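Structural characterization, general
Here is what each chain is made of, one letter per residue.
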Number of protein chains: 2
Amino acid sequence: MSVTAPLGFRAAGVAAGIKGGEARDLALVVNDGPSRAAAGVFTRNRVKAAPVLWSQQVLRGGRVRAVVLNSGGANACTGAPGFQDTHATAEKVGQVLQDSAGEIAVCSTGLIGERLPMDKLLPAIDVAAGQLSRDGGLAAADAIRTTDKVAKIAFRRADGYTIGGMAKGAGMLAPSLATMLCVLTTDADLDSAALDRALRAATAVTFDRLDTDGCISTNDTVLLLASGASGTTPDEAEFTALLTEVCADLTRQLLNDAEGASKTIAIEVVGAASDFDAVTVGRAIARNNLLKCAIHGEDPNWGRVLAAVGSTEAVFEPDKINVAINGVWVCRGGAVGDDRGKVDLSPREVTITVDLSAGPASATVWTTDLTAEYVHENSAYST
Amino acid sequence: MSVTAPLGFRAAGVAAGIKGGEARDLALVVNDGPSRAAAGVFTRNRVKAAPVLWSQQVLRGGRVRAVVLNSGGANACTGAPGFQDTHATAEKVGQVLQDSAGEIAVCSTGLIGERLPMDKLLPAIDVAAGQLSRDGGLAAADAIRTTDKVAKIAFRRADGYTIGGMAKGAGMLAPSLATMLCVLTTDADLDSAALDRALRAATAVTFDRLDTDGCISTNDTVLLLASGASGTTPDEAEFTALLTEVCADLTRQLLNDAEGASKTIAIEVVGAASDFDAVTVGRAIARNNLLKCAIHGEDPNWGRVLAAVGSTEAVFEPDKINVAINGVWVCRGGAVGDDRGKVDLSPREVTITVDLSAGPASATVWTTDLTAEYVHENSAYST
């Protein structure tokens, strides 16, 4: 189902040979309308890949006819020639769809610093266009995988409309393990401003709170396309809630497939003075390599949690922090709490709860452990 | 030689049984004067260990008679009882030296969140006091090791005075892999204000620019003690330069002994708009797990360097960044440069040069690669 779950969308995923094998590496998602309202959020990295620079321009118009995505190359740090490659890709899609290149978004993922093989990519667009169908969502989701072990798709139906989506990457919108790409679709009839508000609200509490290794990609992109084909204009709050559910579902799939991870860790920060503080503290903990190693070793090393909290500027008193690991309050009042021997870290799912005792705000940040497999996978990636 | 290289200092290192074996784990460094001027810099972590809180108070007076250091326990996150343990430790040293506890600095390193075994620690101070000697510098340096494979000592002689030092830890003053402790001694005759200026200047360009894993310890401490026993009052700039040499020597030793590292990486940032920008960019690169994995795999993955640069707020234009890895300019103008196949990453020493083309400032930050051994060592530490 994926991006073709809502009415008005067709998709395809084909093997262009960009990856150099038989694996699918080019996806096309087409919005057949009647609306083509769209919104997007992009990486905050100041070194942005060519497709990000291009798609940001496209989204400024608030309309997207189609998205073309490739794995096998990020087209980042490729200079003006790389941007021309992205432009040529959009022109080609515009040509096969008999539409304007200015409403074609482009996403790429893979190694930084290499030009894309345009001699393989452009002909594959013709092939993909020929295979576009209402059943193509899964093939498209498959084509955007890099180190992803599984394709990530999700959809939710509400009264009168549907939201679908596909994603790739073991990372997130801002910081990112590898490039994270996501295309969300809906047959609801909403204008681009409403879509933008809903998308920013949904991603802020889902993809934005996934932090597997603190590395910010040059290519992260999340697009939301609305066909309006259902004829339903939902209540914006209800739509945002449903969109958040789809994003949360995809976020969980990204987390579960993070490179080399053996544990998924939810860091719940409560008692914070503000949402900002809660996220800041959660992110500092999520990025602490020593803690991530400890969780890998099934060691409830709460001292590393406190050391991470202490590295932030959040509002707290060191002697008022409480920490629970999988429900056992191992640290109370900044010092030794209940018996750490009672903590069971054998399950894959780990929850670390940090009570800052400084206010009413809370947030959950998701991360993974740090493993030898992560090191191996990222040492050998480009060789 | 170590801390006892300058005149006026005695030291000892003994096995108190804190670590639970025969290994030395308690060190004592005594300044016999005639001066006892001193300065100190401490972790910026807001969760500070009891000995840090204590020693900060001591250093406010600008005088230190002795430093007592233990490995085997950090005495961090131990609440009021932990602070009382530190206080009792200082009192005990004051008693055996027939001096004021208020001029006894205390340093601890080891696991966070556990009380120190005072029944072992206090009697060992008597033993250490009995073994104090002008030859005790190496034993003291040995006693403060935790995961350090080797003891770290250094000294430099100038015309009329000497600076010595010992350090432990595979980390740094601000961010830290594990606790970093350092005691520097000199027989130069300088007041505490001059010592403070020299120490801040020296550590800012040495320990402060070592960033092995971005984790900030609760216990980091660097102390500088002056006995004045040489009768020489050196020029402050000359003294600062010599002190910086000693700190740089110890920094290099810490780097070479960093947990699990197989590569030492110097990140030279040039062409920065300010020193702050240069250090910010260097630190962002030093903390990028993906790049650290790539270097481990001997993969000259300059795209990850650019992605790290792009995550900062430093002044730069993405298309004006040049990157060399071990002398090969693999990225020019933010895009592909010379053949990455020419980069030889087989030596242990790796240099990454980043030219921001934004100004005249430069800085070097040192880090290590990320390895499966690092993960193993830090997964198994407390178990």
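Along each chain, numbering runs from 1 in the same order as the chain's sequence is written. Lettering of chains starts at A and numbering of ligands starts at 1, both following the order in which they are written. In keeping with the predicted nature of the model, local features appear solely for residues at pLDDT of at least 70, side-chain atom pairs appear and are counted solely at 80 or more, and the whole-chain, interface and lining totals rest on all residues. Hydrogens and water molecules were not included; the side-chain quantities draw on all heavy atoms of the structure.

Under an unreviewed UniProt entry, the name given to chain A is Arginine biosynthesis bifunctional protein ArgJ, and the organism recorded is Thermomonospora curvata. UniProt positions are given in the numbering used here, feature names are shortened, and annotations may be inferred rather than shown by experiment. Regarding chain A, the UniProt comment filed under Sequence similarities (unreviewed entry) reads as follows: "Belongs to the ArgJ family."

Secondary structure summary: chain A contains 10 helices and 15 strands in total. Against the compact-globule benchmark of 21 Å for 383 residues, chain A has a radius of gyration of 21 Å, which places it among compact chains. If one aligns the C-alpha atoms of chain A with their principal axes, the spans along those axes are about 65 × 50 × 35 Å. In this description, accessible areas are obtained by the Shrake-Rupley approach with a 1.4 Å probe, and a residue is regarded as covered only by the protein chains that are shown. Of the roughly 12500 Å² of accessible surface on chain A, 50% is carried by carbon and sulfur atoms. Asp and Glu count as negative and Lys and Arg as positive, but His and the ends of the chain are not part of the count. To locate a charge, take NZ of a lysine, CZ of an arginine, CG of an aspartate or CD of a glutamate. Here chain A carries 34 positive and 45 negative side-chain charges, and the mean point of each set is 3 Å from the other. Strands are runs of DSSP state E lasting at least two residues, helices are runs of H or I lasting at least four, and both sets are numbered from the N terminus onward. With C-alpha atoms as the basis for the radius of gyration, the globule rule is written as 2.2 Å multiplied by the number of residues raised to the power 0.38.

With respect to the secondary-structure elements, V336 of chain B resides in strand β13 (residues 335-336). V336 of chain B sits in the partly exposed class, given a relative accessible area of 48%. Note: C-alpha distance between V336 of chain B and A266 of chain B (70 residues apart in sequence) is 22 Å. Contacts are assigned to residue pairs with any non-hydrogen atoms lying within 4.5 Å of each other. Here V336 of chain B is in contact with C77 and G113 of chain A together with W302 and V330 of chain B, once residues within four sequence places are set aside. Note on classification: 1.4 Å probe, protein chains only; a residue is buried when its accessible area is under 20% of the maximum for its type, exposed when over 50%, partly exposed between these limits.

Between chain B and chain A, the contact holds 51 residues from the first and 51 residues from the second. As used here, buried area is the combined drop in accessible area, with a 1.4 Å probe, of two parts when they are placed together. Of the roughly 3900 Å² buried at the junction of chain B and chain A (both faces included), carbon and sulfur atoms supply 59%. In terms of surface lost to chain A, no three residues of chain B exceed R46, N289 and L290 of chain B, which account for 16% of the buried area on that side. Salt bridges, as used here, are contacts in which a Lys or Arg side-chain nitrogen is within 4 Å of a carboxyl oxygen on Asp or Glu. Taken together, the connections running from chain B to chain A amount to zero salt bridges. Elements with a contribution of two residues or more to the side of chain B that touches chain A: α8 (289-296), α9 (302-310), β13 and α10 (372-379) of chain B. In terms of residues, the side of chain B that touches chain A owes the most to one element, α9 of chain B, which gives six residues. Its residues assigned to classes, the side of chain B that touches chain A comprises 23 nonpolar, 21 polar and seven charged. The nonpolar class holds Ala, Val, Leu, Ile, Met, Phe, Trp, Tyr, Cys and Pro. Asp, Glu, Lys and Arg form the charged class, and all remaining residues, Gly among them, are polar.

What follows deals with the relation of the copies chain B and chain A. With an axial shift of 0.0 Å and an RMSD of 0.0 Å, the rotation relating chain B to chain A amounts to 180 degrees. Put plainly, the chains are arranged around a two-fold axis. Measuring from the rotation axis to each C-alpha of chain B, the shortest distance belongs to A372 of chain B, at 2.1 Å. Looking at chain B, 100% of its interface residues are interface residues in chain A too, so the copies touch through the same face. We place the copies in one frame by least squares, fitting the C-alpha atoms of every residue whose pLDDT is at least 70 in both.

Here the focus is the layout of surface pockets. Empty space within the largest pocket amounts to approximately 1700 Å³. Put simply, the grid is 1 Å and covers the protein atoms alone, a cavity is a trapped set of points that fit a 1.4 Å probe, a pocket is an open set with protein on both sides within 12 Å along at least five of seven lines, and lining residues have an atom within 4 Å of a point. Around the largest pocket sit 50 residues that line it, and G214, R283, A284 and R287 of chain A together with R287 of chain B are the ones nearest its centre. Counting only elements with at least two residues in the lining of the largest pocket, the list comes to α7 (275-286), α8 (289-296) and α9 (302-310) of chain A together with α7 (275-286), α8 and α9 of chain B. Of the residues in the lining of the largest pocket, the class split is 19 nonpolar, 17 polar and 14 charged. Grid points are joined across faces, edges and corners, and a volume is the space filled by probe spheres set on the points.

So, on to the packing of aromatic side chains. Whether two aromatic rings pair depends on their centres lying within 6.5 Å, for rings of Phe, Tyr and Trp, where Trp uses its six-membered ring; planes under 30 degrees apart make the pair stacked, over 60 edge-to-face, and the rest tilted. Applying the stated criterion across every chain, the model contains four aromatic pairs over all chains. An angle of 35 degrees between the planes, with centres 5.8 Å apart, marks the rings of Y161 of chain A and F239 of chain A as tilted. Of the two residues, Y161 of chain A sits in strand β7 (residues 161-168) while F239 of chain A sits in helix α6 (residues 236-256), which places them 78 residues apart along the sequence. The rule is short: NZ of Lys or CZ of Arg within 6 Å of the ring centre and within 35 degrees of the ring normal puts a charge over the ring. The ring of F316 of chain B is capped by R46 of chain A, whose NZ or CZ atom sits 4.0 Å from the centre of that ring.

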